[in-house]
Amino acid sequence: MAIPDGSIDILFDLDKTRPYGYLAGTVLTGTPIVSLYGHIYFGVRFMPGYIPSFIAPFINNLVGNRIALSDIR
């Protein structure tokens, strides 16, 4: 469950055939997180309110959303 705490996360699905990473912005209400059976996940959570410089250009689109790491250049 994702909770509204003002933090940004980087999450990785370490699936052997299709690894995937994305930025997850803070949510405004409690939101279920879907995880797939047999997949291994790893995440990095930034302190609430902290916005790393490489994320700053995406911040307006990040609240309540996810952005694939492959879309960040």
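## Considerations on the pattern of salt bridges
In the structure shown here, the tally under the stated rule is two salt bridges. Salt-bridge contacts for D5 lead to R45; the nearest nitrogen and oxygen are separated by 3.3 Å. Of this pair, D5 sits in the segment before β1 (9-13) while R45 sits in strand β3 (residues 41-45), and the two are 40 residues apart along the sequence. Close ionic contact of D9 with R45 constitutes a salt bridge, the shortest N to O distance being 2.7 Å. Of this pair, D9 sits in strand β1 while R45 sits in strand β3, and the two are 36 residues apart along the sequence. A relative accessible area of 12% places D9 in the buried class. Sharing partners across several salt bridges, the network here consists of D5, D9 and R45.

## A few points about the pairing of β1
In this structure, β1 lies alongside strand β2 (residues 20-24), joined through five bridges in antiparallel fashion. Looking across to β2, one finds that F12 is bridged to G21. The antiparallel hairpin formed by β1 and β2 contains six residues in its connecting segment. Two elements, β1 and β3, share five bridges in a ladder whose sense is antiparallel. Looking across to β3, one finds that I10 is bridged to V44.

Thresholds applied
Residues numbered from 1 in each chain as written. Predicted model: local features only at pLDDT ≥ 70, side-chain atom pairs only at ≥ 80, totals over all residues. Heavy atoms only, no water. Salt bridge = Lys/Arg side-chain N within 4 Å of Asp/Glu carboxyl O. Helix = DSSP H or I, 4+ residues; strand = E, 2+ residues; numbered from the N terminus. Buried < 20%, exposed > 50% of the residue type's maximum accessible area, 1.4 Å probe, protein only. Pairing = 2+ DSSP bridges.

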